[in-house]
Amino acid sequence: MVGAIISDNQVLSSASGLEGTLGIVMVCEECLSMVTVRVGSTWTNSGGFLFDIRMYATHKDYDRNTLANDVILITVAGNFTGLPNVQPITMSTTESPMSSSCLVLGYGKDENGNYGALRRTDYQPIGNQACESELNQTLPVSLV
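Residues numbered from 1 in each chain as written. Predicted model: local features only at pLDDT ≥ 70, side-chain atom pairs only at ≥ 80, totals over all residues. Heavy atoms only, no water.

**Remarks on the overall build of the protein**
Now for step 1: Of the regular secondary structure elements, the protein holds 3 helices and 7 strands.
Now for step 2: Scanning the protein from its N terminus toward the C terminus, one meets helices and strands in the order β-β-α-α-β-β-β-β-β-α.
Now for step 3: When each of the 144 residues of the protein is scored for burial, the buried share is 22%.
Now for step 4: Within the protein, counting contacts between residues at least 6 apart in sequence, those at least 24 apart form 51% of the total.
Now for step 5: Carbon together with sulfur atoms contributes 51% to the accessible area of the protein, which is approximately 9,700 Å² in total. (Helix = DSSP H or I, 4+ residues; strand = E, 2+ residues; numbered from the N terminus. Buried < 20%, exposed > 50% of the residue type's maximum accessible area, 1.4 Å probe, protein only. Contact = heavy atoms within 4.5 Å. Areas by Shrake-Rupley, 256 points an atom, 1.4 Å probe, with all protein chains shown as cover.)

**What to know about the pattern of salt bridges**
Now for step 1: Applying the stated rule across the entire model yields 2 salt bridges.
Now for step 2: Here K60 makes a salt bridge to D61, at a shortest N to O gap of 3.0 Å.
Now for step 3: The shortest N-O distance in the salt bridge between D122 and R120 comes to 3.4 Å. (Salt bridge = Lys/Arg side-chain N within 4 Å of Asp/Glu carboxyl O.)

**Regarding the packing of aromatic side chains**
Now for step 1: Summed over the entire model, instances satisfying the criterion amount to 1 aromatic pair.
Now for step 2: A ring pair is formed by F51 and F80, whose centres lie 5.0 Å apart and whose planes are at 90°; its orientation type is edge-to-face. Pair noted here: F51 is in strand β4 (residues 49-58) and F80 is in the loop between β5 (72-76) and β6 (102-106), with a separation of 29 residues, a long-range link. Taken individually, F51 and F80 each receive the classification buried, so the pair is uniform in this respect. (Phe/Tyr/Trp six-rings, centres within 6.5 Å; stacked < 30°, edge-to-face > 60°.)

**Quick word on the environment of S33**
Now for step 1: Among the structural elements, S33 can be located in the loop between α2 (29-32) and β3 (36-39).
Now for step 2: Remark: the alpha-carbon pair of S33 and R54, spanning 21 residues in sequence, is separated by 9.1 Å.

**Let's talk about unusual backbone geometry**
Now for step 1: The backbone of N85 shows a phi angle near 65°, a positive value even though the residue is not glycine.
Now for step 2: Mapped onto the elements, N85 comes out in the loop between β5 and β6.
Now for step 3: Phi is positive for N136, which is not a glycine, with a value near 60°.
Now for step 4: Structurally, N136 is set in the segment after α3 (128-135).

**Points about the side chain of N9**
Now for step 1: Considering the arrangement of structural elements, one finds N9 in the loop between β1 (4-5) and β2 (10-13).
Now for step 2: Taking the relative accessible area as the measure of exposure, N9 reaches 19% and is therefore buried.
Now for step 3: When neighbours within four sequence positions are excluded, N9 is seen to be in contact with R54, I74, T75, V76, G78, N79 and F80.

**As for the sheet that holds β4**
Now for step 1: Strand order in the open sheet formed by 5 strands is β1-β2-β5-β4-β3, with antiparallel pairing between adjacent strands. The open sheet has two edge strands with one neighbour each: β1 and β3.
Now for step 2: When β1 meets β2, the two strands line up antiparallel, connected through 2 bridges. Pairing of A4 across the sheet is with L12, part of β2. (Pairing = 2+ DSSP bridges.)

Structure, rendered in structure tokens:
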């Protein structure tokens, strides 16, 4: 699961990603003790710094069936201030134009089916009509 550091103690990620990582149907307080947040490393299982989760908040309208509002805000125990290779992203306050290139990060599987290093790719966003045509379905309003 990948997230974005947005402050000195908070990470923004997907609720479905955390549920998938835990192999559960719903994020719960008891489940979070099984997860730590790793920052400052591009590897899933080594390097960087580990933090326990102090609290979390999923979007009030999160729908695991449609993935509408698939967002979770995680607050860690401690803070990231002064750690090497760790800093918050700059949050955009305006909508990016369709002509902008976007960066996607994730832990893809290697040739043996194992997760390892963080991977990245650039992509060109497409409009809602093209997306709906490609997926052959109407997008939920929360995803538009």
